[in-house]
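Structural overview for review
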Amino acid sequence: MQTEIDGIRALMPAKWRSLDGIVGVHWDAEGHAGASGYYLSPDPRIMFFFNDVSSQIQVADQRGEVGHGERGMARAIYVPAGVPMWTRFTRRHRFSHLDLHLHHDRMMRYISPVIGTSAARATLKQPVELHDPGPLTSLADLVVDELSTHVRHPAFAENLIGSIVTGLLDLQANDTGDAASGRLTQAQLNRLSAYFANCGGRRLAVKEMADVVGLSESWFATVFRQTTDMTPLQWQLARRIDLARKLLGDTAMSIAEISVQLGFTDQAHMTKVFRTVTGDTPAAWRRTHQSD
């Protein structure tokens, strides 16, 4: 981690502990008026202040913002990997804070089983600032105790930190609520349909479909069937035929050209699937449609 500080000093030795993919550090420190800091970490980072600092410490995302485009420091902050931060003290202030440095893979292990790989990756790119951390304060206090005592198994501290992670990050619980009970939401189905159309009707792997709606591959396959009464492949074939009908009705493309664009083996393959789904051949459907 890159750190440049001026006018900030520790008041006592830091308490720290190395865990599985995590380094936790607790500081008691003081900064004088005009003190400044610059921080850049290659890994995700959580900062938790145990006293209010919003009026004493200003924070900015860009160096040029310091002094005019800054904002008050929040009590609990999540900083994504590779995101720089500048701070400035408006007056002398003593503060106590917990620093959690977490490896990206460790963060993914905390949240991807809950919201899926794709949603987890997107979530880890979004900064979070909470001025009122609520019950997370008690969890952070317990983590500080674990940094100094080393009495309990490391798993205890790791689980406490996992609770802070899931409580601090915006996991969008409403979007996966139905999936948690065995069904995809309408929003997830709409997202899949739009994604499939934007991909030109090409065949999607089950994992790719699961990532689109933010679920694990195994759970997605289960809830998808329960929601649609189709396998992902059957659903894709139905969507592909929907696109074929649109192209047959709205364009002058040949049936052979449409079959290639939609990823069928050849015209005969598309004709077979089209007839199974609609009861007509593509040519017959086009003639009927054009005569309407």
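This text gives an overview of the structure that appears in the document. What you are looking at is a predicted structure, and each value in this text was computed from that prediction instead of being measured.

The rules behind each value
Residues numbered from 1 in each chain as written. Predicted model: local features only at pLDDT ≥ 70, side-chain atom pairs only at ≥ 80, totals over all residues. Heavy atoms only, no water. Helix = DSSP H or I, 4+ residues; strand = E, 2+ residues; numbered from the N terminus. Buried < 20%, exposed > 50% of the residue type's maximum accessible area, 1.4 Å probe, protein only. Pairing = 2+ DSSP bridges. Expected span 1.5 Å × (residues − 1). Phe/Tyr/Trp six-rings, centres within 6.5 Å; stacked < 30°, edge-to-face > 60°. Lys NZ or Arg CZ within 6 Å of the ring centre and 35° of its normal. Salt bridge = Lys/Arg side-chain N within 4 Å of Asp/Glu carboxyl O.

This part covers unusual backbone geometry. One non-glycine residue, Asp229, lies in the positive phi region at around 60°. Considering the arrangement of structural elements, one finds Asp229 in the loop between α8 (217–228) and α9 (232–250). By relative accessible area, which is 66% here, Asp229 ends up exposed.

In strand β5 (residues 57–60), alternate side chains face the same way, and those of Ile57 and Val59 on one face and Gln58 and Ala60 on the other are all buried. The pairing of β5 with strand β8 (residues 85–89) spans four bridges and is classified as antiparallel. Its bridge partner being in β8, Ala60 is matched across the sheet by Trp86. In this sheet, strand β6 (residues 71–72) lies alongside β5 in antiparallel orientation, the contact comprising two bridges. Looking at β6, one finds that Gln58 is bridged to Gly72.

Take helix α1 (residues 104–115) next. Taking 1.5 Å of rise per residue, the 12 residues of α1 would be expected to cover 16 Å, and the 16 Å separating its terminal C-alpha atoms lies within 8% of that figure. Within α1, burial applies to Arg106, Met107, Met108, Tyr110, Ile111, Ser112 and Ile115. Where α1 ends, the next residue or the one after it, Gly116, has phi of about 95°, a positive value.

Next up on the list: the packing of aromatic side chains. Using the criterion set out here, one finds eight aromatic pairs in the structure. Arranged with centres 5.7 Å apart and planes meeting at 45°, the rings of Phe48 and Phe50 form a pair that is tilted. Residue class for Phe50 comes out partly exposed when judged on its relative accessible area of 22%. Look at Phe89 and Phe95: their rings are 5.8 Å apart centre to centre, the planes differ by 40°, and that puts the pair in the tilted class. Here Phe89 matches Phe95 in class, with each residue buried. Site record: aromatic cluster; members linked through ring pairs are Phe196, Phe220, Phe224 and Trp235. In this structure, Arg106 packs its charged tip against the face of Tyr110, placed 4.4 Å from the ring centre. In this structure, Arg152 packs its charged tip against the face of Phe156, placed 4.7 Å from the ring centre.

Considering all chains together, one arrives at 14 salt bridges under this definition. Between Asp242 and Arg245 there is a salt bridge, with the nearest N and O atoms lying 2.6 Å from each other. In this pair, Asp242 and Arg245 both sit in helix α9, three residues apart, roughly one turn of the helix. On the basis of relative accessible area, Asp242 is assigned to the partly exposed category, the value being 30%. Across the salt bridge formed by Lys246 and Asp250, the nearest N and O atoms sit 3.2 Å from each other. Taken together, the residues Lys246 and Asp250, both in helix α9 and four residues apart, mark about one turn of the helix. Several salt bridges converge on common partners, so that one network encompasses Asp20, Arg106, Arg109 and Glu158.

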